Amino acid sequence: MKKISIDPITRLEGHGKIEIFLNDAGDVENVYFQVPELRGFEKFCVGRPVEELPRIVTRICGVCPGAHHMASGKAVDAVYHADPPEVTKKLREMFYSAHYVHSHIAHFYALAAPDFVLGPDADPAVRNILGVVDKVGLAVGGEVIKHRGYGQEIQKIISGRSSQVVWTLPGGVSKGITEEERAQIEVMAKSCVEFSKFTLQLFDDVVLKNKAYVDLILSEPYQMKTYYMGMVDQNDKVNFYDGKIKVVDPEGKEVAKYMASEYLDYIAEHVEPWSYLKFPYLKKVGWKGFVDGKESGVYRAVPAPRLNVASGMATPLAQEAYEKYITTLGKPVHATLANHWARVIELMYASERLLELAQDKSTTDPSVRIVPTATPTEGVGVVEAPRGTLYHHYTTDKNGFVEKANLIVGTTNNHAPISMSIKKAAMGLIKKGQVVSQGLLNMVEMAFRAYDPCFSCATHSLPGQMPMEVFIYDVNRKLVERLERA
Amino acid sequence: MAKLKLAIYWAAGCGGCDVAILDTKEKVLEIGQIADIVLWPIATDHKYEEIEKMADGAIDVCLFNGGVRNSENEHLARLLRAKSKILVAFGACAHLGGIPGLVNLFTKEEVFNCVFRESQSIDNPNEVFPKPQSSVPEGELSIPEFYNTLLPLKAVVDVDYYLPGCSPAVPQVVAAIDAIVKGDLPPKGAVIGASEKTLCDECTRPKEDRKIKKFYRPHEIIFDNKQCFLDQGIICLGPATRAGCGNPPRCTVLSNMPCRGCYGPAPKVHDQGAKFLSALASVIDSNDPAEINSIIAQIADPVGTFYRFGLAASYLRWKRSNEKN
């Protein structure tokens, strides 16, 4: 049996590794996607005072610390049974909307756009962010850098830091904003809305007006019918900061809608000996292995799934874009590559929500924290991270020292689906031992990237491509071929 | 003049150090002009095999972030040490172990039990634990071996310079890169990209005559936004910590939160936690041993607070298991 190894970052350095096994006929037998890293946050959070956790768990990920800070902040409120002031909730959501603006712009322009603007078959040497800037013009490159920068700057104005934030405490946050700062944020938020319009138009011009790309999005190797998960507000619209978690089946029918505190009734995690990362699945459906369909508990939780579970977007321009998306692709959307489109719609929502909140003058109220008085016990905090539903669950003793911490991180939700998407892409390209080298690399890479996976953000590769090597072994594990990205 | 050969590598970190380098924006582009980047996993596609083929010392400077947690991290640390003229421990994890170093309070077995056996959402009736080699129906799979402790870079290889911070402040990264390019570096073993003062020296919160009768945890009171945290009875690592995170400091002044020491021990201090203990001893307002004890007992989680970033590099012994590292 032949074995093909793909190391996204290169063989030894990688924080994510793909192994493809071929059967005797030379077709794909199985695919393993391995995460070779573990740091043990769930253990060393034990014994810490729970109010310190929001500033400890940010170190799970240096690219999306904002998401961990929000989930943890909500969890410590719940542990202390503390309800923060309204202004604080608005400020947190404002902060988090800015985090989304930064994250989605970075992913779309640096990672997704090269595949579409330059095309999946373009020379890998130019298929990166610099190639995109070359094609669409330097002015656009400047706008990308500026608006991603606004996302970072707004987080800094609100919280004091743009990375490794230390802002939330049980019952509130450490600081608020002044009227001058609010006005500054409003100006930047307006600009972000305009930039989101531009980005949607760019997606329309480059992708949707090109039939070949639409066909590619809808092509069989990129389809997978799974359950979908995401957070919705009281009107059943997409929400990133707060609401209930909703799950729909592969036909789009609602099968669960639950509060953060009920998550253990709905999610369980499977373990394999060959990866340090666990595999979450829907508990009531059960773990049936790496298969899709209604009988398998595998679910997905990224932008397209979020749009599948909700009945729309809560802001006008995002709603307009959502309607076009559903009209074009149907609902639920099973196309993995549709995540790129959904992500741009979410960018519009995050920008519009950011502006709404920035225009609310009550956000300058300085009373941003209450002192909790109840005995701390247990709490779950959930937010919708850019890369999936993020759960933080803490249990403490009566003095607020952590006894147990459980974390289900955004990308982890998608661990099994990512493996399955890679397998599908590989099956489409490896037939009877014939490996389409460049095509295989491209398709595996595109399937993988649509999830924007973030293993401690380790699989992010900023110039728009993942360095890859493919090793092909014969039955005796002797290396017979090696393919490499030029 | 030949271009500088530069390597940037991450081990057991979070990616925040790489983001700090990217956040230097124009500087990153400038680096491309003045240096050949021979390795940077998140941004370029060079292969480690190319590094292995190089002669020893062929790389001018390697910025290494993250601690050493598994066999793969150690392999790369040794490889890059051999190939680099100057090895910089970049960021709190490579410098001191960082927050992931708190794991040294537990054994590897305790970590595995927690994550794969006792977690509330786990479904693992057969008690399957990840292991370096495993057989699947189609063949063999391997993942790196998870070590018993997390080590700072200097515990594995000889380090030339330390650039502290979690994550390092962007202006400090820019200044350090300039110094490296100009060859304007202090003697080996020095801390670069930071200040030679304590955080308290650079903090703008006015300090009164510190006399503490009671300690508070940050959420237990609405603290004064201007006054020194320690004066208010809130633990702040400022007296034991090196300045450099920003002027004014990014946590104590810009975020209105106490310092937790990410820039490591203050200049001339070896053990940050021990230094902080001695600083505390001088501010407790009592001469009665019983009262002193009761005041000290109010401090929540001394080890996890005084050694938040520096446990793996401290004088404290790690929790041992039967297995060797």
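Within each chain, residue numbers correspond to sequence positions counted from 1 in written order. Chains carry letters from A onward and ligands carry numbers from 1 onward, assigned in written order. Only residues with pLDDT of 70 or above have their local features reported here, since the model is predicted, and side-chain atom pairs are shown and tallied only from 80 upward, although totals for entire chains, interfaces and linings are computed over all residues.

Visitor: Where do I start with the overall build of chain B in this structure?
Guide: Scanning chain B from N- to C-terminus turns up twelve helices and ten strands. As a reference, a globule follows 2.2 Å times the number of residues to the power 0.38, and the radius of gyration itself is taken over C-alpha atoms. Whereas a compact globule of 325 residues would reach a radius of gyration of roughly 20 Å, chain B reaches 22 Å, a difference of no more than 12%. Counting only C-alpha atoms, chain B reaches 65 × 60 × 30 Å along its principal axes. Whether a residue is buried, exposed or partly exposed is read from the other C-beta atoms within 10 Å of its own C-beta, which are placed from the backbone; 20 or more gives buried, 12 or fewer gives exposed, and intermediate counts give partly exposed. In chain B, which comprises 325 residues, the proportion classed as buried is 48%. What counts as a contact here is a pair of residues whose C-beta atoms, placed from the backbone, lie within 7 Å. Of all intrachain contacts in chain B linking residues separated by at least 6 positions in sequence, the fraction that spans at least 24 positions is 74%. Helix numbers and strand numbers start at the N terminus; a helix is a DSSP run of H or I with at least 4 residues, a strand a run of E with at least 2.

Visitor: Help me understand the sheet that holds strand 6 (residues 227-232) of chain A, please; the structure alone is not making it clear to me.
Guide: Residues and elements named next belong to chain A. For two strands to pair, DSSP has to find at least two bridges joining them. The sheet built from four strands is open, its strands ordered 8-7-6-11 with mixed pairing. Only two strands of the sheet have a single neighbouring strand rather than two, namely strand 8 (254-258) and strand 11 (299-300). Note that strand 7 (residues 244-248) and strand 8 share four bridges and pair antiparallel. Its bridge partner lying in strand 8, lysine 246 is registered against lysine 257.

Visitor: In this structure, what is going on with the packing of helix 2 (residues 65-79) of chain A against helix 3 (residues 86-118) of chain A? I would like to understand it.
Guide: Helix-helix packing is described using two parameters, namely the angle between the two axes and the distance between the axes. Residues and elements named next belong to chain A. Their axes nearest at 10 Å, the elements helix 2 and helix 3 cross at an angle of 155 degrees. Here helix 2 lies roughly antiparallel to helix 3, going by the angle between them. For the crossing formed where helix 2 meets helix 3, the hand is left-handed. Contacts from Gly66, Ala67, Met70 and Gly73 in helix 2 reach Arg92, Phe95, Tyr96 and His99 in helix 3. Three categories are distinguished: nonpolar for Ala, Val, Leu, Ile, Met, Phe, Trp, Tyr, Cys and Pro, charged for Asp, Glu, Lys and Arg, and polar for the others, with Gly belonging to the last. Each residue belonging to the contact of helix 2 with helix 3 can be placed in one class, and the counts come to four nonpolar, three polar and one charged. To get an axis, a line is fitted to the C-alpha atoms, and for a helix only the part in contact is used. The angle between two axes follows their N-to-C directions and goes from 0 to 180 degrees. For classification purposes, angles smaller than 35 degrees are called roughly parallel, those larger than 145 roughly antiparallel, those between 65 and 115 roughly perpendicular, and all remaining angles oblique. Note: crossing handedness is left-handed where the near helix turns anticlockwise from the far helix by less than a right angle, and right-handed where it turns clockwise.

Visitor: Looking at this structure, how should I read the interface of chain A and chain B?
Guide: It is common to give the size of an interface as the accessible area that goes away when the parts come together. Listed per partner, the contact involves 72 residues of chain A and 65 residues of chain B. Elements with a contribution of two residues or more to the side of chain A that touches chain B: strand 2 (17-22), strand 3 (28-34), helix 1 (41-44), helix 5 (138-159), strand 9 (267-270) and strand 14 (402-408) of chain A. Of the residues contributing to the side of chain A that touches chain B, the split by class is 34 nonpolar, 19 polar and 19 charged. Relative to strand 6 (residues 122-123) of chain B, strand 9 of chain A runs parallel, the two being bridged by two bridges. By the bridge assignment, A:His270 is partnered in strand 6 of chain B with B:Asp123.

Visitor: I tried to follow the packing of helix 3 of chain A against helix 10 (residues 339-358) of chain A on my own but got confused; where do I start?
Guide: All names here are of chain A. Taken N-terminus to C-terminus, the directions of helix 3 and helix 10 make an angle of 150 degrees; their axes are 8 Å apart at the nearest point. Taken together, the axis directions place helix 3 and helix 10 in an arrangement best described as roughly antiparallel. The way helix 3 lies across helix 10 gives a crossing that is left-handed. Between helix 3 and helix 10, the residues in contact are Lys90, Glu93, Met94, Ser97, Ala98, Tyr100, Val101, His104, Ile105, His107, Phe108 and Ala112 and His340, Arg343, Val344, Glu346, Leu347, Ala350, Ser351, Arg353, Leu354, Leu357 and Ala358, respectively. Grouping the amino acids of the contact of helix 3 with helix 10 by side-chain chemistry returns 13 nonpolar, five polar and five charged.

Visitor: Hey, could you run me through the domain arrangement of chain B in this one?
Guide: Residue and element names in this part refer to chain B. Splitting chain B by domain gives domain 1 (4-99 + 149-182), domain 2 (107-147) and domain 3 (199-313). What marks off one domain from the next here is an automatic or database domain assignment. A C-alpha centroid distance of 30 Å is found between domain 1 and domain 2. Residue-level contacts link five residues of domain 1 with four residues of domain 2. At the level of secondary structure, the elements contributing two or more residues to the side of domain 1 that touches domain 2 comprise strand 4 (68-70) and helix 4 (71-83).

Visitor: In this structure, what is going on with the confidence of the model for chain A? I would like to understand it.
Guide: One rule of thumb: low pLDDT means the predicted coordinates there are not for detailed reading. Confidence of the prediction at every residue is given by pLDDT, a number between 0 and 100. Averaged over chain A, the pLDDT score is 87; the fraction of residues at 70 or greater is 86%. Throughout residues 8-14 of chain A the model reports pLDDT below 50, and contacts reaching past four residues in sequence, or to other chains, amount to 24 contacts.

Visitor: I keep staring at the environment of A:Val285 and nothing clicks. Help me out?
Guide: Residues and elements named next belong to chain A. Along the chain, the position of valine 285 falls in the loop between strand 10 (279-282) and strand 11. Along the sequence, valine 285 and glycine 297 sit twelve residues apart, while their C-alpha atoms lie 4.9 Å from each other. Setting aside residues no more than four positions away along its own chain, valine 285 makes contact with Ser296 and Gly297.

Visitor: Explain the sheet that holds strand 1 (residues 4-10) of chain B to me, please; I cannot follow it from the model alone.
Guide: Strands in a sheet are paired, the pairing made by backbone hydrogen bonds, and the direction either parallel or antiparallel. All names here are of chain B. Ordered in space as 2-1-3-5-10, the five strands form an open sheet in which the pairing is parallel. Looking at the sheet topology across the chains shown, the edges are occupied by strand 2 (35-39) and strand 10 (161-163). On average, each strand axis in the sheet is inclined to that of its neighbour by 25 degrees, with strand direction left out of account. Note: strand 1 against strand 3 (residues 59-65), five bridges, orientation parallel. Opposite tyrosine 9, over in strand 3, you have phenylalanine 64 as the bridge partner. Along the sheet, helix 4 makes contact with strand 1, strand 3 and strand 5 (84-90), crossing strand 5 at roughly 135 degrees.

Visitor: Explain helix 9 (residues 316-329) of chain A to me, please; I cannot follow it from the model alone.
Guide: Each full turn of the α-helix corresponds to 3.6 residues, which orients residues three or four apart in the same direction. All names here are of chain A. Expected helix span is computed as 1.5 Å times (number of residues minus one). The terminal C-alpha atoms of helix 9 lie 20 Å apart, and with 14 residues this matches the ideal 20 Å at 1.5 Å per residue to within 8%. Every buried residue of helix 9 is accounted for by Ala318, Ala321, Tyr322 and Tyr325. Along helix 9, the residues classed as buried sweep out an arc of 105 degrees about the axis, all on the same side. When the buried face of helix 9 is taken as reference, the exposed residues oriented beyond 90 degrees from it are Pro316 and Thr327. Of the surrounding elements, those touching the buried residues of helix 9 are helix 6 (179-208), helix 8 (303-309) and helix 10. Immediately beyond the C-terminal end of helix 9, within one or two residues, lies glycine 330, with a positive phi of roughly 80 degrees. Along the arc lie the directions from the helix axis toward the C-beta atoms.

Visitor: What is the right way to read the environment of A:Ser162 from this model?
Guide: All names here are of chain A. Take serine 162: it is sitting in the loop between helix 5 and strand 4 (168-169). Taking C-alpha positions, serine 162 is 10.0 Å from glycine 149, a pair spaced 13 residues apart along the chain. Leaving out residues up to four positions away in the same chain, serine 162 has contacts with Gln152, Glu153, Gln155 and Lys156.

Visitor: Please explain the pairing of strand 3 of chain B as it appears in this structure.
Guide: Successive residues of a regular strand alternate their side chains across the two faces of the sheet. Residues and elements named next belong to chain B. Burial analysis of strand 3 places seven of its seven residues in the buried class, the great majority of the element. Examined bridge by bridge, strand 3 and strand 5 share five bridges and lie parallel to one another. Looking at strand 5, one finds that isoleucine 59 is bridged to serine 84.

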